[in-house]
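What follows is the residue order along each chain.
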Amino acid sequence: MSQNINKEQLAEIIEQKLAAYFAATPLIASLQSGHWALTTTAIKEFICQLGHDLEFEVSASGCANAGQEWLYDMVWYEVADGYTTRLALAGECELKSPELPVDGDFAKLVQARADVRLWISAPKNSEIAMTHLANCKRYAATFPGAMPGDTYVFVSCDWTDKITIVERFVVGQEALAA
């Protein structure tokens, strides 16, 4: 199935599945009670399973049925004849409130040549969430190696105000979103 999914379809699936997951899962309560590591593992397990369901090879630290983490917290990829032929997803999950202007781990994603770059963060409040997301989008769009069509899915779990935002951002379409 994975070879039949183009980048736009993949981003749509990821966005929809994560929106449903975060709407149905009481992760914000576990963040509020300080269970950061358990929450990170639960999120990564869900994303790994989704990658397997879409028939990708999956790597992520601390996840059952996933290869070891390499470069990013989570990756989905395809291999042919011993070579990686597609990096479908590069993801980072940082559940501490992000550093401003942009969290250091987000900087790894802007240079990734993945179909979809996934960024999951947990800002302390909606003001930090909005500032951080705007900064991430600006960085993604202005990074010297950025190309039109670079696709990101942002998940922002504001654990104080109990709001989770899941949204897609495509470089080159920022004027359309404004």
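Our subject is the structure that appears above.
It should be emphasised that the depicted structure is a prediction, and the values quoted were computed from it without experimental measurement. (Residues numbered from 1 in each chain as written. Predicted model: local features only at pLDDT ≥ 70, side-chain atom pairs only at ≥ 80, totals over all residues. Heavy atoms only, no water.)

Caption draft 1: The state of the cysteines, seen in detail. Under the counting rule described, the total for this entry stands at zero disulfides. Cysteine Cys 63 shares no disulfide, and the gap to the nearest cysteine sulfur, in Cys 48, comes to 3.6 Å. The thiol of Cys 157 is unpaired, and the distance to the nearest cysteine sulfur, on Cys 93, comes to 7.8 Å. Cys 157 gets classed as buried once you look at its relative accessible area, which sits at 1%. (Disulfide = S-S within 2.5 Å. Buried < 20%, exposed > 50% of the residue type's maximum accessible area, 1.4 Å probe, protein only.)

Caption draft 2: Representation of the packing of aromatic side chains in the model. All told, the structure shown has eleven aromatic pairs when counted by the stated rule. Centroid distance Phe 56 to Trp 76: 5.7 Å. Interplanar angle 20 degrees. Geometry classified as stacked. Remark: Trp 76 occurs in strand E2 (residues 74-80) and Phe 56 occurs in the loop between helix H3 (36-53) and strand E1 (57-60); sequence separation between them is 20 residues. Exposure class is identical for Phe 56 and Trp 76. Each is buried. (Phe/Tyr/Trp six-rings, centres within 6.5 Å; stacked < 30°, edge-to-face > 60°. Helix = DSSP H or I, 4+ residues; strand = E, 2+ residues; numbered from the N terminus.)

Caption draft 3: Inspection of the sheet that holds E1 at higher detail. Taken together, the six strands give an open sheet; going across it, the order is E1-E2-E3-E4-E5-E6, and neighbouring strands pair in mixed fashion. A strand with exactly one partner marks an edge of an open sheet, and here the two such strands are E1 and strand E6 (163-170). Here the strands of the sheet are splayed against their neighbours by 15 degrees on average, with no regard to which way each runs. Pairing of strand E5 (residues 151-158) with E6, which is carried by eight bridges, proceeds in the antiparallel orientation. Bridging from a neighbouring strand, Tyr 152 pairs with Phe 169 of E6. (Pairing = 2+ DSSP bridges. Axes fitted to C-alpha atoms, helices over the stretch in contact; angles between N-to-C directions.)

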